[in-house]
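# Remarks on the overall topology
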Amino acid sequence: MPNESSRVEAFSDGVFAIAITLLILEIKVPKVGEHGDLWRALGEQWPSYAAYVVSFLVIGIMWVNHHQVFSYVARVDRTLMFLNLLVLMVVAAVPWPTAMLAEYLREDRTSHVAAAVYSLVMVVMAFTFQALWWHLTRTGHLFDSRVDVPAARATRVRFALGSLGYPVTVGLAFVSAPLTLAAHGLLALYYGFNQVPVPTRQEPATA
C-alpha cells in the first residue's frame, strides 16, 4: 500500500519531467541560406548544447536525490509540502535561465549578467532543497523506521558545504560565463555521487 508521501513524489516527478523536457525545446533548428553549410550552423549552436547538457544534469541529478530522499519518507506534513513546492518552483524555472545563458554565452558584458542570473537560480534551488532536508532531519518523525535519524541529521554539514559552491558561481559569472557553466556541471556531478545519503539502521545479524 502506498505511503503518505507517494502523492507528493508523483506530483514532483511530473514537474521534474516537464522541466527537463522543456530544456531541449529551447534548441532551435538552425537556419541556413540557399548555399549554407548546415554543419557549420549546427556547430555555431554549441552554447545551446552546453547549456542543455549542464541543466539536464542539474535537474536529473536533483530528481535522483529527491527520489532517494522520498523513498524513506513515510508521512508528510504541511511544512514539508510547502518546502517541496518551493523546490519544484525553482526546478520549473530552470529552462528560462538556461535559454538566456545559451543565447548570450558568447557575448561580452551580457554573458556575465546571464551567467549571474543562471547562478542565482541555482543558489535558490540548492538552498530550497537544503531547507527540505533540514526539515526532514530536524526531528525525523516523517521518516520511516529504516532511517537512522541521528546519522541523517549529521549529514547536514556535508550538504551545507556543497551548497556553498553555488554562491561562489555568482561571483565567477562576472569573470567568465563559460567557466561558470562548467562549474555548475561539476557541482551537479558532485551531488551525483550520493551527497544526500539517507543513513539506515544496521539490521541485527541473524544466526
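Residues numbered from 1 in each chain as written. Predicted model: local features only at pLDDT ≥ 70, side-chain atom pairs only at ≥ 80, totals over all residues. Heavy atoms only, no water.

As a reminder of what qualifies: UniProt positions are given in the numbering used here, feature names are shortened, and annotations may be inferred rather than shown by experiment.
Looking at an unreviewed UniProt entry, one finds the protein named Membrane protein, with Streptomyces griseochromogenes as its source organism. What UniProt states about the protein under its Sequence similarities (unreviewed entry) heading is, verbatim, "Belongs to the TMEM175 family." Within the UniProt record for the protein, the comment given under Catalytic activity (unreviewed entry) is "K(+)(in) = K(+)(out)".

### So, the UniProt feature "transmembrane region" (unreviewed entry) in the protein
Note the following rule: The helix and strand labels rest on DSSP assignments: H or I over at least four residues marks a helix, E over at least two residues marks a strand, and numbering proceeds from the N terminus.
As recorded in UniProt, the feature "transmembrane region" (unreviewed entry) lies at residues 46–64, 79–101, 113–136 and 168–193. Overall, residues 46–64 shows 100% helix and 0% strand. The separation of its end C-alpha atoms is 27 Å. The span residues 79–101 is 96% helix and 0% strand, and its two end C-alpha atoms sit 33 Å from each other.

### Points about the pattern of salt bridges
Opposite charge on two side chains makes pairing possible when the charged atoms of those side chains draw close. Cut-off, in case you're wondering: In what follows, salt bridge is the name for a side-chain nitrogen of Lys or Arg lying within 4 Å of a carboxyl oxygen of Asp or Glu. For every residue, the accessible area (1.4 Å probe, protein chains only) is compared with the maximum for its type, and the residue is labelled buried under 20%, exposed over 50%, or partly exposed between those bounds.
Going through the model one piece at a time under the given rule, you end up with two salt bridges. Here Arg40 ties to Glu44 by a salt bridge, and the two come within 3.4 Å at their closest N and O atoms. Residue Arg40 is classed as exposed on the basis of its relative accessible area of 60%. Between Asp144 and Arg146 there is a salt bridge; the shortest N-O distance is 2.6 Å. For Arg146, a relative accessible area of 40% translates into the label partly exposed.

### Some points on a nonpolar patch on the surface
The criterion, for reference: The patches described consist of residues with a relative accessible area above 30% and no salt bridge, like charges being joined within 9 Å and nonpolar side chains (Val, Leu, Ile, Met, Phe, Trp, Tyr) within 5 Å. With residues, only the protein chains shown are counted as cover, and all accessible areas are computed by Shrake-Rupley using a 1.4 Å probe.
On the surface, a cluster of nonpolar side chains totalling about 350 Å² of accessible area is made up of Ile18, Leu22, Ile24 and Leu25. What makes Ile24 partly exposed here is its relative accessible area of 39%.

### Comments concerning the packing of helix H1 (residues 6–25) against helix H3 (residues 46–70)
Helix-helix packing is characterised by the crossing angle of the two axes and by the distance between the axes. What counts here: Note on geometry: axes are C-alpha line fits, over the in-contact stretch for helices, and angles between N-to-C directions span 0 to 180 degrees. Small angles under 35 degrees read as roughly parallel and large ones over 145 as roughly antiparallel, with 65 to 115 read as roughly perpendicular and the rest as oblique. Residues are treated as being in contact if the distance between any of their heavy atoms lies within 4.5 Å. Under the grouping applied here, Gly and all other residues not named as nonpolar or charged are polar, the nonpolar ones being Ala, Val, Leu, Ile, Met, Phe, Trp, Tyr, Cys and Pro and the charged ones Asp, Glu, Lys and Arg.
H3 packs onto H1 with a crossing angle of 170° between their chain directions and a minimal axis gap of 10 Å. The orientation of H1 with respect to H3, classified from their angle, is roughly antiparallel. Touching Val8, Glu9, Ser12, Asp13, Phe16, Ala19, Ile20, Leu23 and Ile24 of H1 are Tyr52, Ser55, Phe56, Ile59, Gly60, Met62, Trp63, His66, His67 and Phe70, all from H3. Looking at the contact of H1 with H3 residue by residue, the classes come out as twelve nonpolar, five polar and two charged.

### Things to note about the layout of surface pockets
Here is the rule: A pocket here means an open set of points on a 1 Å grid, computed over the protein atoms alone, that has protein on both sides within 12 Å along at least five of seven lines. A cavity is instead a set of points where a 1.4 Å probe fits but cannot get out; residues with an atom within 4 Å of a point line either one. Grid points are joined across faces, edges and corners, and a volume is the space filled by probe spheres set on the points.
When its volume is computed, the largest pocket comes out at roughly 330 Å³. Lining the largest pocket are 18 residues, and of these Glu26, Ser48, Ala99, Ala102 and Glu103 lie nearest its centre. Looking at the lining of the largest pocket, the elements that each hand over two or more residues are H3 and helix H5 (95–104). Sorting elements by how many residues they give to the lining of the largest pocket places H5 first, with five residues. Across the lining of the largest pocket, the residue classes tally to nine nonpolar, three polar and six charged. The computed volume of the second largest pocket comes to approximately 200 Å³. Looking at the second largest pocket, the residues that line it are Glu4, Arg7, Val8, Phe11, Val76, Arg78, Met81, Phe82, Asn84 and Leu85. Elements that contribute at least two residues to the lining of the second largest pocket include exactly H1 and helix H4 (78–93). Counting residues per element, the lining of the second largest pocket draws most heavily on H4, at five residues. Here the residues of the lining of the second largest pocket are counted per class, giving six nonpolar, one polar and three charged.

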